[in-house]
Amino acid sequence: MPKPFGILSTAIRPPRAHIRATRRYSENAAPPARLSDADYEAARRRRRTEWKRKQGGQSFLDHLVINVRGGNGGNGCAAFHREKYKPFGPPSGGNGGRGGDVYILPTSHLTTLGSVSTRIRGEAGGHGQGTWQNGRNGEPLIIRVPLGTVVRELPRDDPRRAKDEWEAEEESFEGLTPSEKRDKMRENRWVHYPRYEDANIERDSFKDAEATLYKQERERRIVRRKKAMTPIYLDLDKEEHVERAVNAPLGIKQHEPTGYLIASGGLGGLGNPHYTTAENRSPKFASRGQEGERITLSLELKLIADIGLVGMPNAGKSTLLRALTGGRAKTEVAGYAFTTLNPVVGVVRVAEDGTFEGEISDHQVHEETLIEVEQLQERMERGELAEALTRNEVQDEEVQSDEIILRPGHRFDLVENFRFTIADNPGLISKAAENVGLGHSFLRSMERSLALVYVVDLSGPAPWEELKVLRDELEQYQPGMSRKARMVIANKADLLAGDGDPEAVEEAKRKLSALQRFVEAQMVVNEGSDAAFTLDVIPTSAKFSQNLSKVVALMRSYVEEATEGLF
C-alpha cells in the first residue's frame, strides 16, 4: 500500500509523545472485566430501552404530517402531420394525459404510520405526441394507513401547511417585473412550435386562447377556495370491502377498493388541433398540463382495541397480555421500567363455557423474555425438541377420538364463541398528560378503547397511590376519559406470602382490603348519578396465570355491554 505524502501525511500522523503516553497508560491499566453473555444481553436491552424512551417512541409513529400532491397533467403537443407527397399536413399534436389521483385506504395489515412517506406525489400524465397520439393517464396512488387513523386537512393559518399550487406559483414570481412575470406565466402554460414563439404571441388566435385559459383558471381557483372551506376529515375506523358479483363473466378484472380521494391529478394539456379556427388553420402552439392539487394532511393513529391496559411502568401489563393470549402476543417482558415502548394488541379467544385460549396453553409460567430465550436454547441443546410435534401436527389419539379436545392454536377455532382485543400500552407516569415520559404517544392510543383496566403492582408499598396518579393523568389529558375504567387488576400477588407464612398471608389480605376500600371510596365512576358504579378489584398473578378466568369473564361482559351501547 503506498504511503501518504505531502502535507496530508503530517496532518494525520499523531505525535510520538502521545503514542508513548498511550502505550504507558495501557500497560499500567487493569484489563476491563468481561461481562457474561446474559449480563451483556441484559445491558444491551436496557440501553436500547433507554434510548427509545428518550426518543419518545419514534419507532412507533402515531402522528404524522404529510404533504400530498396529485400528479401533474401531461403537456399537449404542437406538431403537424407529415407523409410522402404531403409535406404540409394538418395539425396532429396529441393531448396530454391526466395526472394520477391520490387516495388513502385503511388496512388491517399495518399497525404504525412508519411506512407512510412525508412527501407523496402522484404519477404524472404522459405528454402528447405527433400523429394525434394522446399521452397516457397517470396511475392512481393509494396511501395505505392502519385502521383507526384520523385524517385532518391542515387549515390555511397552520404554519406546518405547505403552499398550494397557486401560492407556489405566486411565490416564484417574487422580485420579477410585470413583463418578466407575464413571460414566466406564458412559459408555464404554453408549448410553442420551434422558432414560432414570438410570432404566436402577436397573433389574435393565441390572445383569444390565452384569455380563455385564464378564465378557466379563475373558475378552478374559485372552486378550490370553496372546497377549502370544508376541510377534509376522515375517521378510518373500518376497512373498505367491495362485494364481488357472483355471476360476473370470467376474465373480467375485479375492481379493488381504492379508498378515499384526497388529491386530484391535474388535467392534461391540449394539442394544437384543439386551437384550430377559421382564421388560423395551422396553430403552432399547445397548452401545458395543469398541476395536481397540493394538500397538507395530519394523520393521527388511535389504536382500536376493546380493552386498554393502563398502569405504571413495570406493573406487569406485558406479562398479563401474554398470559391472556397464551404467549402469542409478541411483547417484551423484563425487570426494568419502560420495557414496552410501543402499543401491542393481542387477541383473547373465549369458548362457550368460558375457557379462554391462554388457560389451556402449555405455556403457564411467563418469565422475562431473556430468561425464556435462554431456557429454549438450553432445551434445544439438550435435544428435547428433536421429537416435539409442531403446532400444526395432531396427536394420534385426537384423530381417532370423536370428542373435541380443547387445544390452543387453529384447533381452538372449533370451540371459539367470542373474541376481543387487548392493548398493552407503555407505562404511564406522573405528568404524562404534559407529554412527560412517552406522554401523548401512549395516551392517544387509549382514546378509542371500549373499556380501560387499571393494572397496579400489589407487592408495592402503596398500590392505591398508583391508582390515583393513573386516574388523574387520564382526566388531565381528556376530561371524562377515566369513566371508561371498569376494573382494577392487582397484579404480582404471588410476591406476597409466596412462602405460605401466616403473618405474610394476613398482611397480604390487609393490603388487598385496603386497596378495595380505597377503590370503593375514591374510584367511583359517574359519582352522584343513577349510572354510578364501583370498579371491580381482582388480585392476579400473571406470571403463573392465576385467577385469570374471572378477569376474562369480566372483560367479556364489559365488551358486550359497550358494544350493545354502540349499536
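Keep in mind that what you see is a predicted model, and the values were worked out from it rather than measured.

Caption draft 1: Quick peek at the sheet that holds strand β4 (residues 141-146). Strand order in this open sheet of 3 strands is β4-β2-β8, and the pairing throughout is mixed. Only two strands of the sheet have a single partner each, and these edge strands are β4 and β8 (260-263). Taken pair by pair, the neighbouring strands of this sheet meet at an average axis angle of 35°, ignoring direction. Pairing of strand β2 (residues 102-107) with β4 involves 6 bridges; the strand directions are parallel.

Caption draft 2: Structural view of the packing of aromatic side chains. Here the structure, examined in full by the defined rule, presents 8 aromatic pairs. Its end group placed over the ring of Tyr196, Lys284 keeps NZ or CZ at 5.1 Å from the ring centre.

Caption draft 3: Representation of the confidence of the model for the protein in the model. Overall, the prediction assigns the protein a mean pLDDT of 79, with 74% of residues at 70 or greater. Of all the helices and strands in the protein, helix α1 (residues 7-12) carries the lowest mean pLDDT, 38, while strand β9 (residues 285-287) carries the highest, 96. Counting interchain partners and residues more than four positions distant, the pLDDT-below-50 stretch residues 1-14 has 3 contacts. Low pLDDT (under 50) marks residues 332-338, which in the prediction has 31 contacts with non-local residues, meaning those over four places away or in another chain.

Caption draft 4: Looking closely at the pattern of salt bridges. Applying the stated criterion across every chain, the model contains 25 salt bridges. Taking the shortest distance from any N to any O, the salt bridge between Asp158 and Arg160 comes out at 3.2 Å. Within the structure, one salt-bridge network assembled from shared partners comprises Arg156, Arg161, Asp164, Glu167 and Arg225.

Caption draft 5: Representation of the sheet that holds strand β10 (residues 294-301). Taken together, the 5 strands give an open sheet; going across it, the order is β3-β1-β10-β5-β7, and neighbouring strands pair in mixed fashion. Whereas interior strands pair on both sides, the edge strands pair on one side only; in this sheet they are β3 (119-121) and β7 (233-236). Each strand of the sheet is rotated relative to its neighbour by a mean of 20°, with strand direction disregarded. Strand direction decides the pairing type here: strand β5 (residues 149-153) and β7, joined by 4 bridges, are antiparallel. By the bridge assignment for β7, Arg152 is matched with Tyr233.

Caption draft 6: View of the environment of Leu301. Structurally, Leu301 is set in strand β10. What makes Leu301 buried here is its relative accessible area of 2%. Counting along the chain gives 153 residues from Leu301 to Gly148, while the straight-line C-alpha distance between them is 5.8 Å.

Caption draft 7: Structural context of the nonpolar core. Ranked by internal contacts, the top residues of the largest apolar core, which has 28 residues, are Leu324, Phe420, Ile422, Met487 and Met555. Going through the elements one at a time, β11 (307-311), α8 (317-324), β12 (344-351), β13 (416-424), β14 (451-457), β15 (485-491) and α14 (548-566) are the ones with two or more residues in this core. With 7 residues, α14 is the single largest residue contributor to this core. In contact with Phe420, not counting residues within four places along its chain, are Asp306, Ile307, Gly346, Val347, Val348, Val350, Val552, Met555, Arg556 and Val559. Among the nonpolar cores identified, the runner-up in size contains 24 residues, and Val456, Ala490, Val519 and Val537 belong to it.

Caption draft 8: Broad picture of a negative patch on the surface. On the surface, a cluster of negative charge is contributed by Glu187, Glu197, Asp198 and Glu202. Per element, the largest residue contribution to the negative patch is 3 residues, and it comes from helix α6 (residues 197-202). Tracing the sequence through the fold places Glu202 in helix α6. Judged by its relative accessible area of 58%, Glu202 is exposed.

Caption draft 9: Local environment of the packing of helix α5 (residues 178-189) against helix α7 (residues 204-228). Viewed as axis vectors pointing N to C, α5 and α7 meet at an angle of 85°, and their least axial separation amounts to 12 Å. In this view, α5 runs roughly perpendicular relative to α7, as classed from their interaxial angle. From α5, Met185, Arg186 and Arg189 reach across to α7, where they touch Phe206, Glu210, Leu213, Tyr214 and Glu217. Of the residues belonging to the contact of α5 with α7, the class tally is 4 nonpolar, no polar and 4 charged.

Thresholds, definitions, all that
For every chain, the first residue of the written sequence is number 1, and numbering continues from 1 along that sequence. Reporting of local features is limited, given that this is a predicted model, to residues whose pLDDT is at least 70; pairs of side-chain atoms are given and counted only at 80 or more, and all residues count toward the totals for whole chains, interfaces and linings. To get the side-chain values, take all heavy atoms of the structure and skip hydrogens and water. Paired strands, as defined in this entry, are two strands with at least two bridges between them according to DSSP. Where helices and strands are cited, they refer to DSSP runs of H or I of at least four residues and of E of at least two residues respectively, numbered from the N terminus. Convention adopted: a line fitted to C-alpha atoms gives each axis, helices being fitted over their contacting stretch, and angles between N-to-C directions are expressed from 0 to 180 degrees. Ring pairs are drawn from Phe, Tyr and Trp, using the six-membered ring of Trp, whenever the two centres fall within 6.5 Å, and their geometry is named by plane angle: stacked under 30 degrees, edge-to-face over 60, tilted for the rest. The criterion is that NZ of a Lys, or CZ of an Arg, lies within 6 Å of the ring centre and within 35 degrees of the ring normal, and then a charge sits over that ring. pLDDT is a per-residue confidence score from the predictor, ranging from 0 to 100. Here a residue-residue contact requires only that any non-hydrogen atoms of the pair lie within 4.5 Å. Here a salt bridge means any side-chain nitrogen of Lys or Arg lying within 4 Å of a carboxyl oxygen belonging to Asp or Glu. Buried, partly exposed and exposed residues are distinguished by accessible area as a fraction of the type maximum, computed with a 1.4 Å probe on protein chains only: under 20%, between the cut-offs, and over 50%, respectively. Residues belong to a common nonpolar core when they are buried Ala, Val, Leu, Ile, Met, Phe, Trp, Tyr or Cys residues joined through side-chain atoms within 4.5 Å. Residues forming no salt bridge and having over 30% relative accessible area are the ones grouped into patches, like charges within 9 Å of each other and nonpolar side chains (Val, Leu, Ile, Met, Phe, Trp, Tyr) within 5 Å. Only the protein chains shown count as covering a residue, and every accessible area follows the Shrake-Rupley method with a 1.4 Å probe. Neither His nor the chain ends is counted toward charge; the positive residues are Lys and Arg and the negative residues Asp and Glu. We put the charge of a Lys on NZ, of an Arg on CZ, of an Asp on CG and of a Glu on CD. Should an angle fall under 35 degrees it is taken as roughly parallel, and over 145 as roughly antiparallel, whereas 65 to 115 is taken as roughly perpendicular and any remaining angle as oblique. Gly falls in the polar group here, along with every residue not listed as nonpolar (Ala, Val, Leu, Ile, Met, Phe, Trp, Tyr, Cys, Pro) or charged (Asp, Glu, Lys, Arg).

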